[in-house]
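The chain contents come next:
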Amino acid sequence: MTESFRRSGEYPQGDDHQATDPMRAAYPQQQPVSSSPVNPEWPPPPAYAPVAPVAVDPGTTVWPGAGQGGDGGAGGHGAGGAYAGYPEPDAVSSTAVLQAQPVPAAPAPAPKKRAKGTIALLAAVAIVAAAIGGGTAYGIQELTGKDTASSSTSTTVVAAAKKGTVAGVAQAVSPSIVEVSATSNAGSSTGSGVIISSRGEIITNNHVISGASEIKVQLSSGKSYTAKVVGTDSKKDLALIKLENAPSGLKVATLGNSDGVQVGDDVVAIGSPKGLTGTVTSGIVSALNRDVTVSTDESQGQQQQQGGGSGQWPFSFGGQQFNGDTGSSTTTYKAIQTDASLNPGNSGGALIDMNGNIVGINSAMYSAANSSSSSSSAGSVGLGFAIPINTVKSDLASLRAGGSDS
């Protein structure tokens, strides 16, 4: 029986059998699958799991080898071995190295450009710094490249399409200018005023409402409201009145910076001369810091009312009297001189720069008419004066508290 088993070829004894079957030559101890009986004294070959590759440096893969003196794994045992049915490499060393083509390094990312937001932020900070520093208009003009028709303020009220035009100023500011009518037992007078708050506060001249028992205010819309006196300051010829039952949506004027006004600046005057509400005239700033002297006597206001609203408010300048006698009780303030046409009734109205900001409150104007001349010679001769708006702003707290005359 032993002889017949050897003839089955399971364990060949010669070199010719090894040459005939290379797989058997490579693995002399492995038993192929056969239907012939197997000698139970010989154990079956061990089952070896495939060995996974180990990655080391990029581009190089290391396969564990059989080593010297080992069994060489199960590389040739079936298709699932480590070498998938192919002969194991010569065991020169314990590893087999497969060289891969080097992968080119990815190009370095391009440096990011500086964000435009940083530049915009720096510009914004510079603009704010210029505004805080006092050179507001000049700083904004230089940093933004925007033209300004006047150096007086930084705020532009006029629409961009009409910037720098008299029409643009009139359209933007006229709704903030009102007509003020004051009535007393002695008569009535007409002047102008400027809305400075949405609560219905209006700034005007003291001589417009001095001695009045009733005050009526007509808005640019034509609607009339009763007003009461909040405070007066006869030394500055200023008064603050307030609408009773003030409507919503009042157009509040923008108060500028009269310290920035320069001789030669274009200006616009809006008021109600002779009761002609919303009259617009224009001119330039003729001079600054003119010493104008006016009366602080309340009777002067009553004399004006007795004149039937003539609005001839006496003042003196350079030692000369204009529009009558100022009396013995007087006060002097620094004024802006303008050649914009002003007439009786413009008192208390606005002098405006070309950005639409109020830079002065018109207070005095010279008229050629006097007691000895005919009415045909009456009218503006291009000599008007306005109280600087910075004087007004510095006096607002006092006026709201009742004024210096209370």
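Nothing here was measured: the structure is a model prediction, and the numbers come from that model.

Visitor: Outline the sheet that holds strand S6 (residues 201-204), listing residues and values.
Guide: Reading around the circumference, S4-S5-S6-S9-S8-S7 is the order of the six strands in this closed barrel, with antiparallel pairing throughout. This sheet shows a mean twist of 40° between the axes of neighbouring strands, independent of strand direction. Judged from the four bridges that link them, strand S7 (residues 214-218) and strand S8 (residues 224-233) form a sheet pairing that is antiparallel. Bridged to Gln 218 within S8 is Ser 224.

Visitor: Outline the environment of Lys 162, listing residues and values.
Guide: Along the chain, the position of Lys 162 falls in the loop between helix H5 (136-144) and helix H6 (166-173). According to the relative accessible area criterion, Lys 162 is partly exposed, its value standing at 35%. Dropping the residues within four chain positions of it, Lys 162 is found in contact with Gly 168 and Gln 171.

Visitor: Which residues make up the pairing of strand S5 (residues 187-195), and what are the values?
Guide: By the bridge criterion, eight bridges tie strand S4 (residues 177-184) to S5 in an arrangement that is antiparallel. Bridged to Ser 184 within S5 is Gly 187. Counting the residues in the hairpin turn of S4 and S5 gives two residues. For S5 and S6, the ladder comprises two bridges, and the chain directions are antiparallel. Considered in S6, the bridge of Ile 195 is made with Ile 202. Where S5 folds back onto S6 in an antiparallel hairpin, the turn is made up of five residues, including Gly 200, whose phi is positive at roughly 95°.

Visitor: Requested: an account of H6, with residues and values cited.
Guide: All buried positions along H6 are accounted for by Gly 168, Val 169, Ala 170, Ala 172 and Val 173. Buried-residue contacts for H6 involve S4, strand S10 (266-271), strand S11 (279-295), strand S15 (350-353) and strand S16 (358-367).

Rules used in this analysis
All chains use their own residue numbering, which begins from 1 and follows the written sequence. Since the coordinates come from a predicted model, pLDDT governs what is reported: local features require at least 70, and pairs of side-chain atoms require 80 or more to be given and counted, while whole-chain, interface and lining totals use all residues. Only hydrogens and water are set aside; all other atoms, that is, all heavy atoms of the structure, feed into the side-chain values. Here a strand pair is declared whenever DSSP counts at least two bridges between the two strands. Where helices and strands are cited, they refer to DSSP runs of H or I of at least four residues and of E of at least two residues respectively, numbered from the N terminus. To obtain an axis, a line is fitted to C-alpha atoms, over the contacting stretch when the element is a helix, and the angle between two such axes runs from 0 to 180 degrees between their N-to-C directions. Type-normalised accessible area, obtained with a 1.4 Å probe on protein chains alone, sets the label of each residue: buried when under 20%, exposed when over 50%, and partly exposed for intermediate values. By the convention used here, residues are in contact when the closest approach between their heavy atoms is within 4.5 Å.

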